[in-house]
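Letter by letter, the chains look like this.
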Amino acid sequence: MQKHYVDCDIEDINEWFSEAEIFYNTRCKDNPFFKKVRSLTQLNIKEWNWNQESIYQMLFDKMVLFKLTSDNKIYFIHQQFRDCFSAICMIYDASTNVEESSLWRMKPTHEFYNVHMLLADLLKLEQIKTYIDNMRGVVCSAGSYAMYSLMEVFKLKKNFNLQGFNFERLDLRNVSLKHCGLDNAGKKNFEHSLIT
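Residues numbered from 1 in each chain as written. Predicted model: local features only at pLDDT ≥ 70, side-chain atom pairs only at ≥ 80, totals over all residues. Heavy atoms only, no water.

**Digging into the packing of helix H6 (residues 112-122) against helix H8 (residues 146-157)**
Working note: a packed helix pair is described by the angle between its axes plus the distance between those axes. It is at 8 Å that the axes of H6 and H8 come closest, and there the two elements cross at 60 degrees. Taken as axis vectors, H6 and H8 run oblique relative to one another. Judged by the sense of rotation from one axis to the other, the crossing of H6 with H8 is right-handed. Across the interface between the two elements, Tyr113, His116, Met117, Leu119, Ala120 and Asp121 of H6 pack against Tyr148, Ser149, Glu152, Val153, Leu156 and Lys157 of H8. Classifying every residue of the contact of H6 with H8 gives seven nonpolar, two polar and three charged. (Axes fitted to C-alpha atoms, helices over the stretch in contact; angles between N-to-C directions. Helix = DSSP H or I, 4+ residues; strand = E, 2+ residues; numbered from the N terminus. Parallel < 35°, antiparallel > 145°, perpendicular 65-115°, else oblique. Left-handed = near helix turned anticlockwise from the far one by under 90°. Contact = heavy atoms within 4.5 Å. Nonpolar A, V, L, I, M, F, W, Y, C, P; charged D, E, K, R; others polar.)

**Structural notes on the confidence of the model for the protein**
Summing up the model confidence of the protein, the mean pLDDT is 77 and the portion of residues at 70 or higher is 73%. Averaged over each element, pLDDT in the protein is lowest for strand S1 (residues 4-7) (53) and highest for H8 (94). Across residues 42-46, where pLDDT falls below 50, the model places seven contacts with residues more than four positions away in sequence or in other chains. (pLDDT = per-residue confidence, 0-100.)

**Observations regarding a nonpolar patch on the surface**
On the surface, Phe85, Ile88 and Tyr92 cluster together to form a nonpolar patch covering roughly 330 Å² of accessible area. Along the chain, tyrosine 92 falls in helix H4 (residues 79-93). (Patch = residues over 30% accessible without salt bridge, like charges linked within 9 Å, V, L, I, M, F, W, Y side chains within 5 Å. Areas by Shrake-Rupley, 256 points an atom, 1.4 Å probe, with all protein chains shown as cover. Salt bridge = Lys/Arg side-chain N within 4 Å of Asp/Glu carboxyl O.)

**Quick notes on the packing of aromatic side chains**
Under the criterion given, the structure shown has five aromatic pairs. Of the aromatic side chains, those joined through ring pairs into one cluster are Phe154, Phe165, Phe167 and Phe190. (Phe/Tyr/Trp six-rings, centres within 6.5 Å; stacked < 30°, edge-to-face > 60°.)

**So, helix H7 (residues 125-134)**
Those residues of H7 not exposed but buried are Ile128, Tyr131 and Ile132. One side of H7 holds all its buried residues, which, seen down the axis, span an arc of 100 degrees. (Buried < 20%, exposed > 50% of the residue type's maximum accessible area, 1.4 Å probe, protein only. Arc of directions from axis to C-beta.)

Here it is as structure tokens:
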């Protein structure tokens, strides 16, 4: 298994966890998504306190998502954690439209399915629709998989039921819409779209 190293020392780790504690208490504590994540990741701990010590204990000792080497390097050992960071980076990188993001344009590997699922969980439906609307009239560059990834996230969010969705002016050349409830979709829904 490939190890992904990050140079750090124990002071860095403590600073990150302290920042995570502040961020959680000010921005996430009452967020429904984080409540769900928190309930799923308690690992039968009867009392969970979101503080520096318990974060360290959870990530290094209980869940073993990180390992600290003797030369003060941290490495990630769980691909789900890597995929979560990838999904978060993709959200931050999609400013105006996903075609402008090198992360969204990348050719997906089989591991991208997890990233697409995480994006579907992290993004609200309205955010995904805004990303799609920002792609109307945009011609994707050769070899770009931006629209493919965006539509994969949309399909997951909509449980593969895209019936009634307006696909006008979208570059759908790398997109598969099979098994998405579009059997009776009219041509009007695809006016001025690029389709192969």
